[in-house]
Every structure is written in C-alpha cells, then in structure tokens.
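Close look at the chain arrangement
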Amino acid sequence: MKNRAKISLPIVFFMLNFSQISFAQNIIKIGRQILFDSDWKFKKGKGIDAKATNFNDSDWRKLDVPHDWSIEDLTDTPNDSIIGPFYKNNAGKNATAFTVGGTAWYRKTFTMDKSTSGKKVFIQFDGVYMNADVWINGHHLGNHPYGYTAFTHDLTEHLNSAGVPNVVAVEVKNEGYNSRWYSGSGIYRHVWLNVINPNHIANWGVQIVSKNVSEQTADIHFTTKIENSIANLSLITEIYSADNKLINSNTVDVSGKDKVEQMINFKNPKLWNIESPYLYKAKLILNQNGKIIDENTQNFGVRSIHFDAKIGFILNGKNIKLKGGCIHHDNGPLGAAAIDRAEEKKIEILKKNGYNAVRFAHNPFSAELLDACDRLGMLVMDEAFDMWNTHKTPDDYATYFKDWWQKDLTSIIEKDFNHPSVIMWSIGNEIPEIIDSTGHKTSRQLADFVRNLDSSRPVSNAIPFHLPLIARKKWDVTDPAFASLDIGGYNYATQYYEGDHKKFPERIMVATEYFPPKALENWNYVEKNPYVIGMFSWSAIDYLGEAGLGLARLKNKSDKNGGFQETFMAPEWPIFNAYTGELDLIGNKKAASYYLDVVWRRSPLEMMVHRPIPAGKKELTGFYDFPDELKSWTWPGHEKDTVQVRVFTRSQSVKLELNGEIIAEQPLEKGSIVAKFNVPYTAGKLVAHCYDGDKEIASQTLSTTGKPKAIRLKADRQTINANKNDLAYIAVEIIDEAGNVVPNIDDLLLKYHLSGNGNIAGLGNGNPRDMSSFQKPEKKVFQGKGLVIIRPTQKAGKITLKAEAEGLKAGILTINAK
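Structural notes, computed from the coordinates. The structure presented is a predicted model; accordingly, all values stated were derived computationally and were not measured.

Reading the values: rules and limits
Residues numbered from 1 in each chain as written. Predicted model: local features only at pLDDT ≥ 70, side-chain atom pairs only at ≥ 80, totals over all residues. Heavy atoms only, no water. Helix = DSSP H or I, 4+ residues; strand = E, 2+ residues; numbered from the N terminus. Rg over C-alpha atoms; globule rule 2.2 N^0.38 Å. Buried < 20%, exposed > 50% of the residue type's maximum accessible area, 1.4 Å probe, protein only. Contact = heavy atoms within 4.5 Å. Areas by Shrake-Rupley, 256 points an atom, 1.4 Å probe, with all protein chains shown as cover. Lys, Arg positive; Asp, Glu negative; His and termini not counted. Charge placed at Lys NZ, Arg CZ, Asp CG, Glu CD. Salt bridge = Lys/Arg side-chain N within 4 Å of Asp/Glu carboxyl O. Expected span 1.5 Å × (residues − 1). Arc of directions from axis to C-beta. Disulfide = S-S within 2.5 Å. Core = buried A, V, L, I, M, F, W, Y, C linked by side-chain atoms within 4.5 Å. Pairing = 2+ DSSP bridges. Polar contact = N/O pair within 3.5 Å; in protein donor to acceptor, adjacent residues only side chain to side chain. Axes fitted to C-alpha atoms, helices over the stretch in contact; angles between N-to-C directions. Parallel < 35°, antiparallel > 145°, perpendicular 65-115°, else oblique. Left-handed = near helix turned anticlockwise from the far one by under 90°. Nonpolar A, V, L, I, M, F, W, Y, C, P; charged D, E, K, R; others polar. Phe/Tyr/Trp six-rings, centres within 6.5 Å; stacked < 30°, edge-to-face > 60°. Lys NZ or Arg CZ within 6 Å of the ring centre and 35° of its normal.

When helices and strands are counted, the chain shows ten helices and 52 strands. Over its C-alpha trace the chain gives a radius of gyration of 27 Å, about what one expects of a compact globule, namely 28 Å for 818 residues. With respect to the principal axes defined by its C-alpha atoms, the chain has extents near 85 × 65 × 55 Å. Evaluated residue by residue, the chain yields a buried proportion of 60% over its 818 residues. Once local pairs closer than 6 in sequence are excluded, the contacts in the chain between residues at least 24 apart make up 72%. Per element, the accessible surface of the chain, about 31,200 Å² overall, is 49% carbon and sulfur. Put simply, the chain has 98 plus and 94 minus side-chain charges, and the middle of one group is 1 Å from the middle of the other.

A few words on the pattern of salt bridges. Proximity of charged atoms lets side chains of opposite charge pair with each other. For the structure shown, the criterion picks out 46 salt bridges. As a salt-bridge pair, D57 and K41 come within 3.5 Å of each other at their nearest N and O atoms. One end of the pair, D57, is in the loop between strand 3 (40-44) and strand 4 (61-63); the other, K41, is in strand 3, and 16 residues separate them in sequence. What makes K41 partly exposed here is its relative accessible area of 22%. Ionic pairing is found between D386 and K392, a salt bridge with its closest N-O pair at 3.1 Å. Overall, the relative accessible area of 24% leaves K392 in the partly exposed class.

A few words on helix 4 (residues 437-453). Spanning 17 residues, helix 4 covers 25 Å between terminal C-alpha atoms, matching the ideal 24 Å at 1.5 Å per step. For helix 4, the complete set of buried residues consists of G439, H440, T442, S443, L446, A447, F449 and V450. The inward-facing, buried residues of helix 4 contact helix 3 (398-416), strand 29 (422-429), strand 30 (459-464) and helix 6 (479-483).

Burial in helix 8 (residues 519-528) covers these residues: A519, L520, N522, W523 and V526. The arc that holds every buried residue of helix 8, seen down its axis, measures 160°, which confines them to one face. The secondary structure elements touched by the buried residues of helix 8 are strand 26 (322-327), helix 7 (497-503), strand 32 (508-513), strand 33 (532-537) and helix 10 (591-599).

All told, the structure shown has zero disulfides when counted by the stated rule. C373 takes part in no disulfide bond, and the closest cysteine sulfur to it belongs to C326, at a distance of 14 Å. A residue is classified by how much of its surface remains accessible, and C373, at 0% relative accessible area, is buried.

Here we take up the nonpolar core. Membership of the largest hydrophobic core comes to 127 residues, with the highest contact counts inside it found for F313, L379 and F385. In terms of residue count, the dominant contributor to this core is helix 3 (eight residues). Residues F36, V65, Y106 and L155 belong to the second largest nonpolar core, which totals 29 residues.

One open sheet accounts for five strands, arranged 45-52-51-47-49; its pairing is mixed. The outermost strands of the open sheet, each flanked by one partner alone, are strand 45 (719-720) and strand 49 (778-780). Across six bridges, strand 47 (residues 749-756) lies against strand 51 (residues 797-804) in antiparallel orientation. Of the residues in strand 51, the one forming a bridge with L754 is L801.

It is worth spelling out the side chain of D133 at this point. Along the chain, D133 turns up in strand 10 (residues 132-136). You can call D133 buried: its relative accessible area is 11%. Reaching out from D133, the side chain makes a polar contact with the side chain of H140 at a distance of 2.8 Å. Leaving out residues up to four positions away in the same chain, D133 has contacts with H140, G142, N143, A169, V170, E171 and K173.

On to the packing of helix 3 against helix 4, then. Between helix 3 and helix 4, whose axes approach to 10 Å, the crossing angle comes to 30°. As judged from the angle between their axes, helix 3 and helix 4 are roughly parallel. You can see that helix 3 and helix 4 cross each other, and the crossing is right-handed. Facing F401, W405, Q406, L409, T410 and I413 of helix 3, the residues of helix 4 in contact are T442, Q445, L446, F449, V450 and L453. Residue composition of the contact of helix 3 with helix 4, by class: eight nonpolar, four polar and no charged.

Topologically, K270 is positioned in the loop between strand 20 (259-267) and strand 21 (280-288). The sequence separation of K270 and Y594 amounts to 324 residues, and the corresponding C-alpha distance is 34 Å. Excluding its chain neighbours within four sequence positions, the residues that come into contact with K270 are Y278, Y280 and V302.

Where strand 18 (residues 233-240) lies against strand 19 (residues 246-253), seven bridges are found, and the strand directions are antiparallel. Bridge pairing in strand 19 places S234 opposite D253. Counted along the chain from strand 18 to the antiparallel partner strand 19, the turn is five residues long, and its residue N244 has a positive phi close to 75°.

A word on the environment of S70. Along the polypeptide, S70 turns up in the loop between strand 4 and strand 5 (82-83). Note: C-alpha distance between S70 and V252 (182 residues apart in sequence) is 50 Å. In contact with S70, other than residues within four places in its own chain, are P85, T99, V100, G101, Y182, G184 and S185.

Judged by pairing direction, the sheet is antiparallel, and its four strands sit side by side in the order 19-18-21-22 without closing on themselves. Each having just a single partner strand, strand 19 and strand 22 (291-300) make up the two edges of the open sheet. Strand-to-strand twist across the sheet, computed as the mean angle between neighbouring axes with direction ignored, equals 15°.

The next point concerns the packing of aromatic side chains. Tallying each qualifying case throughout the model produces 44 aromatic pairs. Aromatic pair F222 and F300: ring centres 6.3 Å apart, planes at 80°, arrangement edge-to-face. Remark: F300 occurs in strand 22 and F222 occurs in strand 17 (residues 217-227); sequence separation between them is 78 residues. Across the pair, exposure class does not vary: F222 and F300 are buried alike. When the centroid spacing of 5.7 Å and the interplanar angle of 75° are considered together, the rings of F576 and F774 count as edge-to-face. One end of the pair, F576, is in the loop between helix 9 (563-568) and helix 10; the other, F774, is in the loop between strand 48 (758-764) and strand 49, and 198 residues separate them in sequence. Grouped by ring-pair contacts, the aromatic residues Y129, Y146, Y148, F385, W388, Y397, F401, W405 and F449 constitute a single cluster. Sitting over the face of the ring of F417, R457 holds its NZ or CZ atom 5.4 Å from the ring centroid.

Bringing the side chain of N353 into the picture now. Relative to the helices and strands, N353 is located in the loop between helix 1 (340-352) and strand 27 (357-360). By relative accessible area, which is 6% here, N353 ends up buried. When neighbours within four sequence positions are excluded, N353 is seen to be in contact with L583, K589, S593, D597, W600 and R602.

Tracing the chain through its elements places P708 in the loop between strand 43 (695-703) and strand 44 (710-715). Judged by relative accessible area, which is 29%, P708 ranks as partly exposed. Sequence separation between P708 and G807 is 99 residues; the distance between their C-alpha atoms is 8.8 Å.

This next bit is on the pairing of strand 39 (residues 653-658). Looking along a regular strand, one sees the side chains alternate between the two faces of the sheet. When you tally the buried positions in strand 39, you get five out of six residues, the bulk of the element. The pairing of strand 39 with strand 42 (residues 685-692) spans six bridges and is classified as antiparallel. Note that in strand 42 the partner of S653 across the bridge is Y691. When strand 39 meets strand 40 (residues 661-667), the two strands line up antiparallel, connected through six bridges. Directly across from K655, in strand 40, lies its bridge partner E665.

This is how it looks when you write it as structure tokens:
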C-alpha cells in the first residue's frame, strides 16, 4: 500500500471493524496490514535447505527485520585482511565497500486464528537484496531477483487451518560481483502481512491525480482497482484535511467492475510545495449492502507540475530550480537497513543543507523515505535501473532485465504513484547500450511503458558524456536516446547544453550528475537558461562503496601521476566509502557543502583551511575531490608552516586578518567565487572580510581552540517513540574548556556504555578509512566528531548513554522513550 498509515496517524483512518490475526509475538496491526518484522530466525551459509516446515532452526539467530547482514562484523579478531564488516578479498573489492554478501535464510513461524477464515492473505516484502526465493509451509511461491523492488505473494491456499503453525522461509542470494556500490544483504526493508476479504481494493490499486489546480479550487481524480468485484458493491471515497476534518466525499457503484474513476472537487485547497508540504488523506471504503468489507487510506498532496523549455519547471505556478543531490540507499553506520527514522533523518539533513530535490541512485527507494520526502517537502527523481541488457558487473541485474523489467517498473510506479514528492521518473543511468540501436529501442519501450502507467509525470534517463568518447563517436549519437525522453538527463555533460539547445530548442535538460567542484558552472547554466531546470551533484552525502572515488590523496613529490585510473578511483585498502559527498557519512558538512552554500546564495562567505601537507608530499585530487580542507584554525605543531586558505564568496574582494592585522587582500577574478591565500600558521584568530567596493558585506572568524577537555553528547530529539522504527541520533563532540569543538582530533577512541530500554544500532564518523566495527560500543572520532545511533526497545522508559575517553571528562546523556 502506498503511503501506508502508521501508528501516529489518527484512529479515524484505521479500519476498526476488520478481523485480525492472533500471533504469539508482539506485532503491530494496522487495518488489513500487519507489520511482519519481528521474530525472524536467521542463518547465513551455503548448503542449507531450510524450506521445509519441520526444519530444525532452534539454534538459529533470532532477529527483527529490516536487517542487513553485510554491515555486521565478520570477526572479533581483526587481521590484515578482515576488519569489522570488511574483507580485503571480497568479490566486489572497493566498489562494494569491501563487504561480503553470500547466501542466507530467514524463517518465521506464525499462527492464524479462526477470524481469518474466508480471507485472502498476502505477504509483502518491501525490499530483499537480492534474488529471493520464498516458501510457505514448504510450497515454493516464487523468486524475485531485483533487490530494490517490492513484491507480494498470495499465501492463502497454502496456509494451515486456524491454530496450526505456519512457516514462511526466505532464501536470499547476494552472490558474486553484482553491484557497483554497497547494496547490503538480506530482508533490509519492512515485511507486511495483508489480510483482506476476497473482494477488495487491489494492492497499490489506488491512484490519485490532482487536476485544474489553483489556490481557489482543485479536481482530485481517483482511479481504483477492485479485485473480485461482486453485486451490490459501492465505493465511498472521502477526503480529509490534516486535522481530520471531512472535506468532501463521493460514492459510486462498482458492482462487477474491476476499475472505477471518481472526481472530487474542493475549494481553497492547501497546496503541497517545498516550503509548506501539506498532506491530505483519502479514505476509500468498499461497501456491500451497508457492510464495510475493505478500506484503504492514502496520503496525497494537491499540487500541479509543468515542465517547459521556455519557462523551466513550474510547481503550482511558481518556477522552481532544482537544487539537487544524488543519494544512495544506505544509511551509513546502519548499512542498508531501512529503519523509518533513518530514512527520515537523511532527508532532514539534506533539507537543512539547502537541497530541495534528490535523485535516487540508481534504484527505487523505500516507501518510508518517500513518506519523509512528502512530509518535509523534498522533490524526487525516482530512478529504476542502473543497467538494462548490458552488464556493468558480471552478476548484476542485466541477467534478469529482459524477463523482469516490466514487472519491476510496474511495482515501482504503482507503489510510488501517490507521493507528491515524486515529480519525474528515470528509466536508467549511464546505460552502455544507450548509444546504439538496441539501446534506442529499449529506451523507447521503457519510456512508453512508464507513460502508460503514469501520464502525469515526465520520463528521464541519465546519459553521460563518456560513452560516445569511449566508442569514438560524436555526441550526436545520443540524439535518438534523448528523443524518447521528456527530460534529458545529462551526466557531466554541461558542455553540450548550448549546442543541443540550438538543435533541439524544445528539449528540457537537467544535470543528473556533476562533479562537486563544478557546482558554480552548473548553477550558472541553471540560473541563466530556463531549459536547464536544475542539477544533481554526485553526491549529496557520502555512501558505502565506490571507495575512494572522491578522496584527495597524498603522494611523494617524486612519484609520477598514475593517469586517469588513479585520478578517478584508486582501489586502495583500507577505505570503504566514496567520499564524494558534500556531507560526510554521518551528515556533517564538508568543504563541498560550504562551497555549495555560496553557490546557492545561502551564505555570503565560507572560509576553509587546507590541512598542512607533510614535507616531501603532494596532494592528488580527482574529478570529484575538493582539497583536504577544514573549517579550522587549529594546527598545533605547524607553527610558521604555510597553509592554504580559501574563501568562497560572491563579493568583489577579500581581506584576511590574523590576530588583529590585515595580512593579505585579493580581488576575485571574474566568474570565480574563490579567493586563495598562503598564510603562515600562527595560533589565534583568522578573519575573512568580504567587500563590494568599500562596503564590507560579511565576515567570518576561525579561532584556535584549546586542548580537548571533555566529551559532549547532543541528541537530535530528547524524546523518541518506544518503537523499533524510531531512532535517536546522538552527536558526539570533543570540546575544549570553552565548549568549542576541537577539530584536529582524528584518532581518539571513545568507549560507550548504554543503559535502559535501548540498544546501540550503529556508530560512525566521517573518516572514509576507519574500517572498524559499526556495532561494537567503541569508535574513534574524526575531526573531533562522531555519531551514536540508539534504537529503542518496545518498552517506554529512560535510555542513558555514557561516553568515555582517556584524559577527558565523560559525556552523559539521557533521553526518554515513550
């Protein structure tokens, strides 16, 4: 079900009179949908055959899903090739973060009660990576290869009678080299049990489209699919405001119909937009002879979208330029586990840092992340595939694409249809065959298939600059591929914008990827040309895998450069994350984020200082890399060493002041927002003053901090829900006596002690080379900062975290779970 009702929703939207199921374990029941996450048994290893009901799993590990086994430690005794969850000789090497997949089984026992007699029972998996086979009571229900799409199976015919235990078994096979990034392994999203009458609203069977939208009125069109429609059947559709007031309703006879259309008009709608993402609720009631036999509740937003090469992207009549970033699906220290609060937290962080759009790279994401985008006002490019028929890695989805693309696209679009945050679909990313006739044909097929499922949104595809170059062809070989699209996605190809616009003036363009150091050039195109509707950086936040892609490195000055491959990505150990993010793995700002703040005019200036380079060394940066810069004037041991200071600003000139004296002044070159200075390091205060003419526009100060004295813990929320779908994010900071974060502390090990009704779900820092455990109660800080993620149990109460390190005052923090 799209936009599934959660516990926090008002009870008026729940189906109160529907028969429920009895289980021995504690589960959450919401209408016809039951959260099926708890009390699974798990065992990793090949050679297991655990599909039979009577298989003995008594010694298996007990856990709840979402679960990702690839983020778990491989050993308690690290060695030269195994550290934490990382293995130097894994199949995917640095591409998959040196983590390990393999084969594993999940089993769950449950019992139905008599009230479910005559009902249909479906199991729904929101995401299993990958190649999942499912059995119920020994009966094979099917295989699902793609690790990112939701799927369902009908259990009804194979369930035992009331009171007799049933066993669902799932074999998950993440084998070989099948991904270009960290995928995670296992049942890493939610599982649901849907118990419904034989006559019911189809799963993902409600589609809501807003038409004729203005601030005065809106027509809301509903298309509803009915399974096994019978006589004397009616459908009542009601629209409620966010505070549960009935706005309007419509009733239609659906006897014998498998699909029905409705239109409901209401006045003065509150429009969904990025500043005020207002959500309505629709309740659809299937009624037979006055008796409710099914209900379905959907969140939706009233908004209009329009794309035009002459005026750009229009949301509710207002031009919006996409300030976007590409994101992968992992949640850093949690791996791929799609815990509700982790999905929401990611979008909160991005929104706070100025993004109004995300591009899913390069697969569909969870319903919970889209729910967060809806609530927080984040626009989405919803992407389906990273490959079609041509492999990028030996064991990837291309093996299954021919037989599965239609089913997977249907799952994506039906599941995500009602999310107002989704403004466009993407059918692929850097598809190798996109420059030949087979790729052109596939592109047309996919684009037409998507439009048949959803005519309300445009279709895009990310086409990169390098494919024609590799094939020694001209850029215009991409023309047929662009012709099948509504919006042309350009990966690192701004140099072709103007030429393509002259040839194809109606083509709408977007930078689906760009190198972060090229943010200004990309944004200039967006600001000056309405046909370029926005840009998505690679990437908004650090992610697991493609390790080292954006990491500046030190080499001996005497060493020769290693050429393109070394500049693009060096698969060196130890390293596990790409480090291309404008934000680091735990959400802290990096130099690229500060630069982007000035590019997007969120800040008048930002000052960065390069980490001192050791004698005899030089820095190697690649396409994605910023220099190794920090917002710091604390460099003990480097007194009198010369360091590079960069000031990002749109003003005309910059003056640097050190300890009360102006030491340098520099005008900015035309078209640049960067002023560079070489400054001998002396402890104290470094101030950047920015001027337009003689008028000072802004200033920023970096001060040398004192020695580290204490650990400070800061919770993102003081009170959380006593529910495993919630999390508390605890920022860890090493501070001096005045309470300033000490930014040069990179190697200090902290030990954590947790008491109360919670567990440590993950620990992290921003260091791409720290391959220590994400789960043991100890972790080093990086640049004076770290992160602890706490997951509550089902019990209310206090949770207390204590952090200790040698020579520092301990940090203690208590939060409440209610």
